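# Report on the structure
Given next are the chains, with one letter for each unit.
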Amino acid sequence: LSIIKMGFDRLLIDSNSFFTQKKKFYSKNVHLSIGQFDLVSKDSAQIITTQSLTLSTLNRELLLFDVSISPLKDNRKTSIEGKIRSIQFFGLDPLFVIQDRTVVGRALLLEQPAITVKQGQIAGEKFSNDALNKLVKKQFKRVSLLNIEIEKANISYLNKFGTTMLKFDDTKFYCSDFNTY
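Residues numbered from 1 in each chain as written. Predicted model: local features only at pLDDT ≥ 70, side-chain atom pairs only at ≥ 80, totals over all residues. Heavy atoms only, no water.

### Quick notes on a nonpolar patch on the surface
Taken together, the side chains of Met165, Leu166 and Phe168 make up a nonpolar region of the molecular surface, amounting to roughly 280 Å² of accessible area. Classification of Phe168 by relative accessible area gives partly exposed; the value is 30%. (Patch = residues over 30% accessible without salt bridge, like charges linked within 9 Å, V, L, I, M, F, W, Y side chains within 5 Å. Areas by Shrake-Rupley, 256 points an atom, 1.4 Å probe, with all protein chains shown as cover. Salt bridge = Lys/Arg side-chain N within 4 Å of Asp/Glu carboxyl O. Buried < 20%, exposed > 50% of the residue type's maximum accessible area, 1.4 Å probe, protein only.)

### Some remarks on the packing of aromatic side chains
Tallying each qualifying case throughout the model produces one aromatic pair. Note on Phe168 and Phe173: the rings are 5.4 Å apart at their centroids and 85° apart in plane angle, and the pair reads as edge-to-face. A relative accessible area of 26% places Phe173 in the partly exposed class. (Phe/Tyr/Trp six-rings, centres within 6.5 Å; stacked < 30°, edge-to-face > 60°.)

### A look at the side chain of Gln46
Turning to its location among the elements, Gln46 is positioned in strand β4 (residues 46-56). On the basis of relative accessible area, Gln46 is assigned to the buried category, the value being 10%. For Gln46, the side chain forms a polar contact with the main-chain oxygen of Ile80, separated by 2.5 Å. Dropping the residues within four chain positions of it, Gln46 is found in contact with Leu39, Val40, Ser41, Ile69, Ser70, Pro71, Leu72, Ser79 and Ile80. (Helix = DSSP H or I, 4+ residues; strand = E, 2+ residues; numbered from the N terminus. Polar contact = N/O pair within 3.5 Å; in protein donor to acceptor, adjacent residues only side chain to side chain. Contact = heavy atoms within 4.5 Å.)

### Focus: unusual backbone geometry
The backbone of Gln112 shows a phi angle near 50°, a positive value even though the residue is not glycine. Topologically, Gln112 is positioned in the loop between β7 (102-111) and β8 (114-118). The class of Gln112 is partly exposed, set by a relative accessible area of 38%. Non-glycine residue Lys152 carries a positive phi angle of around 50°. Among the secondary structure elements, Lys152 is positioned in strand β9 (residues 142-158).

Put into structure tokens, the structure is as follows:
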């Protein structure tokens with residue numbers, strides 16, 4: 001993990017942490033820039049690599065650049081694979097996202113996602129709104145975003161035999177009031 005730049009303004013520790021055995025830190029303003037690192041999804045099915053991450057509590061943003069998503073193993077489940085030029089969250093508290101796994105914000109911008117979704121081999125498993133919601137809920141307790149914009153998307157959906165069932169090229173999507181249920 002290469003930390004490029006880090007700044008804290010008025011760093012504090014929770015006075016109750018002595019009794020709860022949790023060392024929660026607080027700061028009025030946090031700015032953190034990190035170089036390349038990998039994240040493993042909560043279900044250990046995917047690895048997410050980003051070339052840079054910047055978070056700022058003052059600007060209320062979380063920015064990831066040059067993100068790639070790859071399956072860790074062939075586990076016969078639906079998988080997602082691809083690259084995204086940038087994932088930008090605005091109007092949220094990035095520390096709340098990290099500490100509480102809750103995303104509540106004003107906007108999400110995905111730039112140039114090139115994503116392939118492959119249907120799993122398990123009987124009856126299909127990729128649907130419910131499957132998407134379950135996928136998001138595995139990573140985060142709650143997601144609530146006022147606006148989602150996806151620019152220049154190239155998205156493919158392959159069935160379990162590898163046949164392309166759906167394909168969008170150079171497409172723009174917009175969604176308002178996205179909430180997990």
